[in-house]
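Take a look at the letters that make up each chain.
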Amino acid sequence: MRIRADRDVFAEAVAWTARALPLRPAMPVLAGMRMEAADGGLRLSGFDYEVSARARVDAEVEEAGAVLVSGRLLAEIARSLPAHPVQVEADGGRVLLTCGPARFTLVTLPLEDHPLLPDLPPAAGSLPGEAFAGAVRQVVPAASRDDTLPMLTGVHLDFGAESLALAATDRYRIAVRRMWWSPEHPGAAGSALVPARTLSDLARTLDPSANVEVFLSGASGGAGASGGGGMIGFASGGRSSTTRLIDSDFIPYEKRFPAEAAARAEVSPAAFTEAVKRVALVADRSTPVRISFTPGSGGAAGEAVLEAGSGEDAQAAEVIAVDYDGEPMRIAFAPGYLLDGLAGVSTERARLDMTQPTKPAVVSDAPEAEGDEPEFRYLVMPLRLS
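Remember, predicted model here, so these are calculated numbers, not experimental data.

A.B. asks: Even after reading the chapter, I still don't get the overall build of the protein chain, so can you show me in this structure?
C.D. replies: For the protein chain, the count of helices and strands is 6 helices and 25 strands. C-alpha atoms of the protein chain, sized along the principal axes, occupy 80 × 50 × 40 Å. For the protein chain, with 386 residues in total, the buried portion stands at 51%. Of all intrachain contacts in the protein chain linking residues separated by at least 6 positions in sequence, the fraction that spans at least 24 positions is 66%. Total accessible area computed for the protein chain in this model is approximately 18,500 Å², and 49% of it derives from carbon and sulfur atoms.

Here you go:
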């Protein structure tokens, strides 16, 4: 194998492919990145039986062939290369990488021991890359990091006829984002439970200007994989990735959202976020931020008093103006959970709907038209006040 490629294009593709490689592989060969030169380009790929990644690089192929090298080492080298074209040449059990004055020799791994990459599942549909990446960022913080209950570590994708709903929960909060998508087959529906960590890594590297093609087991006839089992794939800009689905049913989360609210506060998410961050400086993980809402009178705006700390501990308090409708209410939240919800709001105003100080509250977008459903909703359990 012998190829020449643009340094920046090569380094970016190597870095993207290396993201899918395991940090602690079960076998050394699973840490390998396959480089295959053929058909006027270089194909990079990695697979650890759970997640696969493929990327194509335009290159001058002087000699076709394939080799397997340490993926993370190759990524470290590619990131530090000088601004010159890259030449990669296989020589027996070694690979010589040359870039201007820099030369590296890498030891190859046994290519025959590397697992074959899975084929992409049937096409399910497509959606805008930037909107999808934003939706993933909104819901992923609510997914659990505790692997003892796999269902909580995933993001549930519910594919409808025209909309896609993403949801995640760790039992103490639920984040839901609904967005438009275009199914491959009219009227198709299905669902998938995707590992949140894998989906988050993918979303961070998507090309925001390109559409994302979605591939899902069982999607060829209309309905895709339901619950767990199977595989999902994503492709955009000459790159594709697959991952196994979590084999578990997701909770019926819509039933957890309150049907009506006894009180509603509307506030600038940026101003509210900064106030919570300042007050939370005196709070640790087990210390809540207490918020007292009161309505305005005589045309004046309502207000929210944020407090943290008590007794002989450090204390903080701040007052901000809010639009508030309802009876006065005092409620408390874990500051990190509240901030994650506010971070997901993409509109100029954020809503906080409450029923009782001990019942779930909902942070959401404030839709432009009255009566419209918010695209983003974030249910969070309050903490009990002593």
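A.B. asks: Quick question: what am I supposed to make of the sheet that holds strand 23 (residues 350–354) here?
C.D. replies: The strands that make up a sheet are held in pairs by hydrogen bonds between backbone atoms, and each pair lies either parallel or antiparallel. Pairing in this open sheet of 12 strands is antiparallel, and the strands run 14-10-11-12-25-24-23-18-21-20-19-22 from one edge to the other. With one partner strand each, in any of the chains shown, strand 14 (190–195) and strand 22 (329–333) form the two edges of the open sheet. On average, each strand axis in the sheet is inclined to that of its neighbour by 25°, with strand direction left out of account. Relative to strand 20 (residues 302–308), strand 19 (residues 289–294) runs antiparallel, the two being bridged by 5 bridges. Counterpart to Thr-294 in the pairing with strand 20 is Glu-303.

A.B. asks: Can you help me understand the layout of surface pockets in this one?
C.D. replies: Gaps left between atoms show up when a probe the size of a water molecule is rolled over them. Its volume calculated, the largest pocket comes out at about 1,100 Å³. Val-51, Pro-195, Arg-197, Thr-198 and Asp-201 are, among the 33 residues lining the largest pocket, the residues nearest its centre. No other element matches the 7 residues that helix 4 (residues 196–204) contributes to the lining of the largest pocket. In terms of residue class, the lining of the largest pocket is made up of 15 nonpolar, 7 polar and 11 charged. Space inside the second largest pocket adds up to approximately 380 Å³. Residue lining of the second largest pocket: 19 residues in total, with Pro-258, Ala-259, Arg-264, Asp-353 and Glu-373 positioned closest to the centre. Secondary-structure elements contributing two or more residues to the lining of the second largest pocket are strand 23 and strand 24 (361–365). Grouping the constituent residues of the lining of the second largest pocket by class yields 7 nonpolar, 3 polar and 9 charged.

Analysis parameters
- Residues numbered from 1 in each chain as written.
- Predicted model: local features only at pLDDT ≥ 70, side-chain atom pairs only at ≥ 80, totals over all residues.
- Heavy atoms only, no water.
- Helix = DSSP H or I, 4+ residues; strand = E, 2+ residues; numbered from the N terminus.
- Buried < 20%, exposed > 50% of the residue type's maximum accessible area, 1.4 Å probe, protein only.
- Contact = heavy atoms within 4.5 Å.
- Areas by Shrake-Rupley, 256 points an atom, 1.4 Å probe, with all protein chains shown as cover.
- Pairing = 2+ DSSP bridges.
- Axes fitted to C-alpha atoms, helices over the stretch in contact; angles between N-to-C directions.
- 1 Å grid on protein atoms, 1.4 Å probe; cavity = no way out; pocket = protein on both sides within 12 Å on 5 of 7 lines; lining within 4 Å.
- Points joined across faces, edges and corners; volume = space filled by probe spheres on them.
- Nonpolar A, V, L, I, M, F, W, Y, C, P; charged D, E, K, R; others polar.

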